[in-house]
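Read off the chains here:
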Amino acid sequence: MPGLELIEIYVFVLAGFVGFFTITRVPALLHTPLMSATNAISAISLVGSLVMAGADRGALPTVLGFIAVTSATINVVGGFIITDRMLKMFKRADRGGPRK
Amino acid sequence: MSPRTVFIEAAYLLASILFILGLRSLTLPDRARRGMQLAALGMLVAIVGTLVNHEIVRYEWIIAGLVLGSLVGYPLGVYVPMTAMPQRIAISHMFGAVAATLVGVAEFWHLGNGAEVSRSVMAALGFEVLFGALTITGSFMAFGKLQELLPSRPVTFKGQNLVSIGMFAAAAALFAWLVADPANPGAFYAMVVLGLVFGVSLVLPIGGADMPVVISLLNSYAGLASSATGFAIGNNVLIIAGALDGASGFILSIIMSRAMNRSFANVLFGAFGAAPEAAQKTAQGLTVHAITPEDAAIQLAYARLVIVVPGYGMAVAQAQHQVRELAALIEKNGGTVLYAIHPVAGRMPGHMNVLLAEADIPYEKLKEMDEINDEFKNADVALVIGANDVVNPAARTDKASPIYGMPILNVDEAKQVIVMKRSMNPGFAGIENELFYRENTAMLFGDAKASLAKLVHEIKQA
C-alpha cells in the first residue's frame, strides 16, 4: 500500500543516512560532478513516469506521463554523459597536465 | 509475489546498490569515473525492470518520450561547455522536478481527482508537487540569472519576504486541508500554482554570488520531490535515490552557507538576497598600484611559489587555458604553481575545479582553502584572477561588512599580490575590497584572458 507508510519512512531515513555519510566524504574537488551525478540518479523518477505514460489511465495521465518521461530521460542521458565528461578531465600529474 | 514482481524488485534493489556505490566512488577522483558508469548501469537496470511492469500496456508514448528525451539530453551532455556548467545544472534540476510534479498531478487526477486518494498518499503527493513545483520555477529563475537572461543582481520589492512567507503559509495550509480531506481538486491545483509562484519569489531576490547555495538547495529539493514520488507510488528505488540526492544537496548547501558565513536558517528560508547597503565602505583617498604586464611577468618568471586564486571572473573570461600556459612557463623556470580554491568561488560548488581540470591542470595542485591558507606566507606571488569577495580582508576585520566572518583566503600574506581585474567595480556582494589598496598589492587591469596571454608572451620573451 503506497503512501507515507512506516516501512518506507524507514527506507527513506536509512537511505538519507547512507547518503549523508557517503557524501560528506566527497572532496570539494568533485562537488560539481557530485551535483550532476546526484541529479542524474534522481532522474530515477523516470521509473514512475514510464508507468504513467504506459498504463491505460486515460488521455491526461498519458500526456503528462509522456512529458515526464521526456524530462526525466533528458536528465538520465545528459546527466550521466556530462558527469563522465567532467570526471574524465580530473587527471594526476603523471598522466597528463602541463608537459614539462 | 509473482515472478514478475520479484524480478522488478530485484532490479530496483540492484539499481539502489549501484547508485550508492557510484556516489561512494566520488570520494576518490581516480575511481570516480568507473563508479559513475556503474551508477548509469544501475539506471539501465531500473528502467528495464520497470518496463515489464504489468500495468504498462502500451509502449508508443514511452518510446516517444525516451527518444525525444535522448535527443534533447545528448547534446546537453556532450556539447555544453564547462563554463556554462552552473546554468546547465540549474536547468537539469528543473527537468527532474517537472517529471516528479507531473507524475504527482497525473496520479491525483487518475485517482478520481482526489476521491480515491488515501490520507497517507495525499501526504506524499503533497510533498511531491510542492517541492516539485517550487523547484521547477526556482531552477528556471536560477538558470535565467546564470545565463544572464535575468538580472543576476537581487531583484527585490518592498514587503517581498512577507509575500513569500504568506504564499508559503497558504500552500502549507492547503496541504494540511488536503491531508484532512483529499477529495478537493481545487485546493490541490491551487497548491501546485502556489508552489510555482513561490519558487519564483524564492530565487528572484538572490544575487549571483549566492548562487552556489541556491543551486545546492534546489538540488536537494529536486531529490526530495523524487523521494516523495516514491512514497506516492510505493516504489523504494525512488525513495532511496531521492534521499541520496536530497542528502547531497542538503550537505552541499550547508558547506556553501558555512563558507559564506550564513546561518542555516538563513539558507532554509532563502531570505539571503540583499546585502545590507549601509555597510558599504568607501575607498575615498586610497590609491591603487597599477602594474604593467611586463613588470608582472618579471615577478612571476622568477617566483619560486605562485598561488593562483581563481574566481568567477576567470570563468567569465574563459581564461583557464591561459592559466595553464602561464603555470607551465613558471614551472619550466623551476617555480611551483598551486591553486587555492575557495568553496564558494564561482557560481556552483566545485565550479573552479572543473574549469581548471578542463585545462589539464593536475588535480593534486587544486587545494582546498584549509589546506592552502598556511602556504600563502611562503608564496612569492599570489595571483588573483577574477576573485573578489573570497579574498576581501574586510571579512576578518570589518564588523560592519556584510561578509564579516566569512572565511577567506589569506592572499594578503603573500610577498606580492597581483590582482587581475576588469575594472575597479566592487564584487557581487557590492563591497569595496581593501586588499586592492594595500602596499603589496598590484592591480593588473583588463580582461583576464588577454592579460594572461600578455604575461605568457612577456615571459617567453625574457
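Here, every reference points to the structure presented above.
Residues numbered from 1 in each chain as written. Chains lettered and ligands numbered in written order. Predicted model: local features only at pLDDT ≥ 70, side-chain atom pairs only at ≥ 80, totals over all residues. Heavy atoms only, no water.

Caption draft 1: Spatial organisation of the pattern of salt bridges. Here the structure, examined in full by the defined rule, presents 16 salt bridges over all chains. Each member of the salt-bridge network shares a partner with another, and the members are Arg-396, Asp-412, Glu-434 and Arg-438 of chain B. (Salt bridge = Lys/Arg side-chain N within 4 Å of Asp/Glu carboxyl O.)

Caption draft 2: Highlighting unusual backbone geometry. Residue and element names in this part refer to chain B. Located in the positive-phi region is Asn-113, a residue other than glycine, with phi close to 50°. By the secondary structure assignment, Asn-113 is in the loop between helix 4 (85-110) and helix 5 (119-146). With a phi angle near 55°, Gln-318 is a residue other than glycine that sits in the positive phi range. For Gln-318, the location among the structural elements is in the loop between helix 12 (312-317) and helix 13 (320-332). Owing to a relative accessible area of 41%, Gln-318 belongs among the partly exposed residues under this scheme. (Helix = DSSP H or I, 4+ residues; strand = E, 2+ residues; numbered from the N terminus. Buried < 20%, exposed > 50% of the residue type's maximum accessible area, 1.4 Å probe, protein only.)

Caption draft 3: Representation of the pairing of strand 6 (residues 441-445) of chain B. Residue and element names in this part refer to chain B. Along strand 6, four of the five residues are buried, which leaves the element largely enclosed by surrounding structure. Two elements, strand 5 (residues 416-421) and strand 6, share five bridges in a ladder whose sense is parallel. Directly across from Val-417, in strand 6, lies its bridge partner Thr-441. (Pairing = 2+ DSSP bridges.)

Caption draft 4: Representation of the side chain of Thr-32 of chain A. Note that Thr-32 of chain A resides in helix 2 (residues 31-42). Here the side chain of Thr-32 of chain A touches Gly-350 of chain B through a polar contact of 3.2 Å, landing on its backbone oxygen. Once you skip the residues sitting within four places of it in the chain, Thr-32 of chain A turns out to touch Met-86 of chain A together with Met-85, Met-348, Pro-349, Gly-350, His-351 and Val-354 of chain B. (Polar contact = N/O pair within 3.5 Å; in protein donor to acceptor, adjacent residues only side chain to side chain. Contact = heavy atoms within 4.5 Å.)

Caption draft 5: Region of the structure containing the interface of chain B and chain A. The interface is formed by 110 residues belonging to chain B together with 86 residues belonging to chain A. Interface area, chain B with chain A, both sides summed: about 8800 Å², of which 74% is carbon and sulfur. Our enumeration of links across chain B and chain A arrives at seven salt bridges. Among the salt bridges present, the one from Glu-364 of chain B reaches Arg-92 of chain A, with a minimum N-O distance of 3.8 Å. The dominant element in the side of chain B that touches chain A, judged by the number of residues it contributes, is helix 4 of chain B, at 17 residues. Of the residues contributing to the side of chain B that touches chain A, the split by class is 69 nonpolar, 27 polar and 14 charged. (Buried area = accessible area lost by both parts, 1.4 Å probe. Nonpolar A, V, L, I, M, F, W, Y, C, P; charged D, E, K, R; others polar.)

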